[in-house]
Amino acid sequence: MHNAAYDALGLNWVYVPLPVRDTPSLLKFTEAVRGLPFVGFNVTMPYKQTMLELCDDVALFAQMAGAVNTVHVVEGRLIGYNTDGRGLIEALKEEVGYDASGARVALIGAGGAAGAALVAFVLARAAHVSVLNRDVGRAETLIDRLEAHRRGTELRALPLGPEARDAISSADLVVNATPVGLVRDDPSPIPVEWLHDGQVVCDMIYQQSTTALLDGAARVGAKCLGGLSMLVAQGALAIDIWSDSAQTAAPRAVMREAAEEAFREMQGEGITQ
Ligand code: NDP
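An account of the accompanying structure is given in this report.

1. With respect to the sheet that holds strand β6 (residues 128–133)
Taken together, six strands build an open sheet; the order of strands is β7-β6-β5-β8-β9-β10 and the sheet is parallel. Bordering the open sheet on either side are β7 (154–159) and β10 (223–225), each of which pairs with just one other strand. Direction aside, the axes of adjacent strands within the sheet are offset by 15° on average. Relative to strand β9 (residues 200–203), strand β8 (residues 173–176) runs parallel, the two being bridged by four bridges. The residue bridging Val-175 from the neighbouring strand is Cys-202, located in β9. Against the sheet, helix α6 (residues 112–123) engages β5 (104–108), β6, β7 and β8, with an angle of about 170° to β5.

As C-alpha cells, then:
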C-alpha cells in the first residue's frame, strides 16, 4: 500500500520489509539508518515501545502513548511519532461515522496499540474509557501515564474477566487491541453475548477479513469495523509526516485497494501475516 501511494504521489521512494530478529538487531539498524538515505520507517510489534527510547526526539502523542510506530529520519536524527491512535480515530469517522467526542469506550488490551488508542480517545475528549486487560497492572500503567493529560475523560482499569461485563455492555464503542483474532479460529476476546445493537465494535485485527468478535457483533446488530481501515489510515498519516506535506494527503483509496489486493494474494498463498 505504501509503494502504491508513492507511485500515485510521484515520489521516488520504495518501502521494503526489514525483518528484525531481536532488540540488539533493532539497535544496529537504528544506528546504520542515520547514515543511509532513508526518509523514514515504521516499527511494528513488538518494538514500538523500545523504538521510543532509540529516537532523538519524540512527538508528544507518541510520548503519551509510550510507543513509536513511525520514525522520520531528518539529517541523521530520528524523530518518533505514533500514527496508530489518529489512524483509529480517522477510520472510525470515515468508515462508520463515529465521533469519539463524548464517547463511552471499552478498550480491550493494554499494549502499544491500546496505549495509542487511549491517547487518541483522551485527546478526542471521550467521556469514559475502561481499559480491560489480562494483566490489569499494564492497564493501570497506561492510565497513570495519562493522568496529567486526561482533561475530563474518566479512565478505569479492569481485569479482562467477568468483571468486564458491565464495561462492555455499557460502552457505545468496543475496541479489540489484542492479537486475539489474528489466527482464523481464534475465539472472541470477550463473550459476544455482552454486546448489543446500537454499539460500534472495532477489531484492530487486519490480517483476517472478519473475526469471532466482529461476527458476534454483526449478529446482534452492532456496527462493525475491521482493522484494515485503521491500517491504511496510520500508513497514510506516516506518509504525510515523511512528505512534510500539508497539501498532498496520502491517497487512502489507492492504499486501501493495494492493501486488499496484497491480502487476497497472501490468503491465496496461505500466508496469514
Ligand atoms: P502488544 O504485544 O503491545 O500488546 C498485546 C496486548 O494484547 C496486551 O495487552 C496483551 O495482554 C493482550 N493479549 C495478548 N494475547 C492475549 C490473549 N490471548 N488474551 C487476552 N489478551 C491478550 O501488541 P500491540 O498492542 O502492538 O498490537 C495488538 C494488536 O493490534 C495486534 O494484533 C496488532 O496487529 C494490532 N494492530 C493493528 C493496527 C491497525 O492498524 N489495524 C495497528 C497496531 C496494532 P497482557 O498485557 O495481559 O499480556
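2. A few points about the sheet that holds strand β3 (residues 70–74)
One open sheet accounts for four strands, arranged β1-β3-β4-β2; its pairing is mixed. Looking at the sheet topology across the chains shown, the edges are occupied by β1 (40–42) and β2 (57–58). Looking at chain direction, β3 and strand β4 (residues 77–81) are connected through five bridges and run antiparallel. Pairing of Val-73 across the sheet is with Leu-78, part of β4. Its contacts with the sheet place helix α2 (residues 23–33) against β1, β3 and β4, and it is angled at close to 160° to β1. Contacting β1, β3 and β4, helix α10 (residues 228–242) crosses the sheet at an angle of about 15° to β3.

3. Details of the site of the ligand
Taken together, 25 residues lie around the ligand, and Ala-110, Ala-113, Asn-133, Arg-134 and Arg-138 are the ones closest in. The separation between an oxygen atom of the ligand and a polar main-chain atom of Gly-112 is 3.0 Å. Taking Asp-135, its main chain carries an N or O atom lying 3.1 Å from an oxygen atom of the ligand. For the ligand, whose accessible area on its own is 920 Å², the fraction buried by protein is 82%. If you list the elements that add at least two residues to the shell around the ligand, you get α6 and α10. Ranked by residues supplied to the shell around the ligand, first place goes to α10 with three residues. Of the residues that constitute the shell around the ligand, the class distribution is twelve nonpolar, eight polar and five charged.

4. Focus on the nonpolar core
Among the nonpolar cores identified, the biggest contains 38 residues, and Leu-88, Leu-92, Leu-107, Leu-118, Phe-121, Val-129 and Val-131 are the most heavily contacted of them. When residues of this core are traced back to their parent elements, those giving at least two are α4 (60–65), α5 (84–96), β5, α6, β6, α7 (136–146), β8 and β9. Looking at this core element by element, the count peaks at eight residues for α6.

5. Examining the state of the cysteines
By definition, a disulfide is the covalent link that joins the sulfur atoms of two cysteine residues. Counted by the stated rule, this structure contains zero disulfides. Among the cysteines around Cys-224, which has no disulfide bond, Cys-202 carries the closest sulfur, lying 9.8 Å off. Since its relative accessible area comes to 32%, Cys-224 is described here as partly exposed.

6. A few points about the layout of surface pockets
Taken as a whole, the second largest pocket encloses approximately 270 Å³ of empty space. Together, 15 residues line the second largest pocket, and Gln-208, Ser-209, Leu-228, Arg-256 and Glu-260 are the ones closest to its centre. The set of elements that each furnish at least two residues to the lining of the second largest pocket consists of α10 and α11 (252–268). In terms of residues, the lining of the second largest pocket owes the most to one element, α11, which gives five residues. Tallied by class, residues from the lining of the second largest pocket come to five nonpolar, six polar and four charged.

7. Focus on the pattern of salt bridges
Counted by the stated rule, this structure contains nine salt bridges. With a shortest N-O distance of 2.8 Å, Asp-84 and Lys-48 are connected by a salt bridge. Note that Asp-84 is positioned in helix α5 and Lys-48 in helix α3 (residues 48–54), a separation of 36 residues in sequence. Look at Asp-84 and you get buried, because its relative accessible area is 6%. Glu-260 is the salt-bridge partner of Arg-256, the closest N and O atoms lying 2.9 Å from each other. Of this pair, Arg-256 and Glu-260 both sit in helix α11, four residues apart, which is roughly one turn of that helix. On the accessibility criterion, Arg-256 (25% relative accessible area) is partly exposed. In this structure, a network of salt bridges that share partners links the residues Glu-31, Arg-34 and Asp-56.

Procedures and definitions
Residues numbered from 1 in each chain as written. Predicted model: local features only at pLDDT ≥ 70, side-chain atom pairs only at ≥ 80, totals over all residues. Heavy atoms only, no water. Pairing = 2+ DSSP bridges. Helix = DSSP H or I, 4+ residues; strand = E, 2+ residues; numbered from the N terminus. Axes fitted to C-alpha atoms, helices over the stretch in contact; angles between N-to-C directions. Contact = heavy atoms within 4.5 Å. Near = heavy atom within 4 Å. Polar contact = N/O pair within 3.5 Å; in protein donor to acceptor, adjacent residues only side chain to side chain. Areas by Shrake-Rupley, 256 points an atom, 1.4 Å probe, with all protein chains shown as cover. Nonpolar A, V, L, I, M, F, W, Y, C, P; charged D, E, K, R; others polar. Core = buried A, V, L, I, M, F, W, Y, C linked by side-chain atoms within 4.5 Å. Buried < 20%, exposed > 50% of the residue type's maximum accessible area, 1.4 Å probe, protein only. Disulfide = S-S within 2.5 Å. 1 Å grid on protein atoms, 1.4 Å probe; cavity = no way out; pocket = protein on both sides within 12 Å on 5 of 7 lines; lining within 4 Å. Points joined across faces, edges and corners; volume = space filled by probe spheres on them. Salt bridge = Lys/Arg side-chain N within 4 Å of Asp/Glu carboxyl O.

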